[in-house]
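Topology and contacts: notes
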Amino acid sequence: MFSKLLLVVFFAVILQNAPSNGQKKKETLLSEKVTQMMEWTSKRAVIRLNGEKFRRLIRAPPRNYSVIIMFTALQPQRQCAVCRQADEEYQILANSWRYSSAFTNKIFFATVDFDEGSDVFQMLNMNSAPTFINFPAKGKPKRADTYELQVRGFAAEQLARWVADRTDVQIRVIRPPNYAGPLMLGLLLAVIGSLAYLRRNNLEFLFNKNVWAFSALCFVLIMTSGQMWNHIRGPPYAHKNPNTGQVSYVHGSSQAQFVAETHIVLLFNGAVTLGMVLLHEAATTDLDVGKRKSMLSKQ
């Protein structure tokens, strides 16, 4: 009697721990999804999704991987220059992860183009591009899972910090070699060296106060207009609404700016500075009174 009872308990434990048909089906479906995502990633770092793929691989359970998706509009007729610039940085980030030694199936990178997945834009009530959203492995995206593009810019390094914050995946951004900077520096040094050589017998221009004052003034105008912020944050030049086509050159927030905005500030500061210089010249120059009045009236 005791042996029969042990036998019944043994089979009950086995049946309780044995996976149900539904569980097996769920595990099989998840395995197929991961395999599909890994196969696509092996061909290109950024997976292109349409409406059907988005619903099947992102929205529908089960899913144990995070997906960073860039919602964009890259077709020429959309005239979204910011989308193309952001896509270049996004490709750098995705390739850095794909060829990293730490690469796993924990996170994938994908894009949804408006012309290939307009139904996805409608599903998510999106009316602007580009937009970056993290779809976590568990649960729905939260507010912090939407990247603040207007504040942070779309530089790959900034995106990598956001990805690390949302997924705990550290990505070391590796950029392809860019020889434009060294070439421009070499060309500039060559021009300066050539001018110095041609005027080697007359180098008084190096001690000209106006030359140094103009150079210092240009440097100050560049720095005060926010060019260094642009270099660090990598903001878009302007923002174009893909639905209305309206282009914004001035950012609506005091915590961010567009590149065009810094150019406007640079021109404004330059005009004010030029006016101050002309006022000073009009007051101190040896020109006749008529020309002085003419210079003052221009202000």
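Residues numbered from 1 in each chain as written. Predicted model: local features only at pLDDT ≥ 70, side-chain atom pairs only at ≥ 80, totals over all residues. Heavy atoms only, no water.

Brief notes about a nonpolar patch on the surface
Here is the rule we go by: Exposure above 30% relative accessible area and no salt bridge define the residues that can form patches, which grow by joining like charges within 9 Å and nonpolar side chains of Val, Leu, Ile, Met, Phe, Trp and Tyr within 5 Å. Each accessible area is a Shrake-Rupley estimate made with a 1.4 Å probe; only the visible protein chains count as cover when residues are assessed. When a carboxyl oxygen of Asp or Glu is within 4 Å of a side-chain nitrogen of Lys or Arg, the pair counts as a salt bridge. Under the DSSP-based scheme used, a helix requires at least four consecutive residues in state H or I and a strand at least two consecutive residues in state E, with every element numbered from the N terminus.
Taken together, the side chains of Phe219, Val220, Ile222, Met223 and Met228 define a hydrophobic patch exposed on the protein surface, amounting to about 440 Å² of accessible area. When residues in the nonpolar patch are grouped by element, the largest group, four residues, is from helix 9 (residues 209-224). If you trace the backbone, Met223 turns up in helix 9.

Considerations on the UniProt feature "transmembrane region" (unreviewed entry) in the chain
Which entries qualify depends on this criterion: UniProt positions are given in the numbering used here, feature names are shortened, and annotations may be inferred rather than shown by experiment.
Listed under "transmembrane region" (unreviewed entry) in the UniProt record, and renumbered for this structure, are residues 179-198, 210-229 and 264-283. Annotated as residues 210-229, this span is 90% helix and 0% strand, and its ends, taken at the C-alpha atoms, are 29 Å apart.

Description of the packing of aromatic side chains
Threshold: Centre distance within 6.5 Å is the pairing criterion for rings of Phe, Tyr and Trp, where only the six-membered ring of Trp is used; planes under 30 degrees apart are then read as stacked, over 60 as edge-to-face, and the remainder as tilted. Between buried and exposed lies partly exposed: a residue is buried under 20% and exposed over 50% of the maximum accessible area for its type, with that area taken using a 1.4 Å probe on protein chains only. Here, a charge over a ring is recorded when the distance from Lys NZ or Arg CZ to the ring centre is within 6 Å and its angle to the ring normal is within 35 degrees.
One pass over the full model with this rule turns up eleven aromatic pairs. Here Tyr65 and Phe108 contribute two aromatic rings whose centre-to-centre distance is 5.4 Å and whose plane-to-plane angle is 90°, an arrangement assigned as edge-to-face. Of this pair, Tyr65 sits in the loop between helix 3 (51-59) and strand 2 (66-72) while Phe108 is found in strand 3 (residues 107-113), placing the two residues 43 residues apart along the sequence. Across this residue pair, the class does not change: Tyr65 and Phe108 are buried. Through a chain of ring-to-ring contacts, the aromatic side chains of Phe54, Phe71, Phe114, Phe121 and Phe135 assemble into a single cluster. One Lys or Arg, Lys53, reaches over the ring of Trp40 and ends 4.7 Å from the middle of that ring. Here Arg63 stacks its cationic end above the ring of Tyr65, 5.9 Å away from the centre of that ring.

Remarks on the packing of helix 2 (residues 21-43) against helix 3
Worth spelling out the cut-off: Axes here refer to lines fitted to C-alpha atoms; in helices the fit is confined to the stretch in contact. Angles between the N-to-C directions go from 0 to 180 degrees. The labels follow the angle: roughly parallel below 35 degrees, roughly antiparallel above 145, roughly perpendicular from 65 to 115, and oblique for the rest. We call a crossing left-handed when the near helix sits turned anticlockwise from the far one by less than a right angle, and right-handed when that turn is clockwise. Residue contacts are counted whenever heavy atoms from the two residues lie within 4.5 Å of one another.
Between helix 2 and helix 3, the shortest axis-to-axis distance is 10 Å and the interhelical angle comes to 125°. In terms of orientation, helix 2 lies oblique with respect to helix 3. Helix 3 is crossed by helix 2, and the crossing has left-handed handedness. From helix 2, Lys33, Met37 and Trp40 reach across to helix 3, where they touch Lys53, Arg56 and Leu57.

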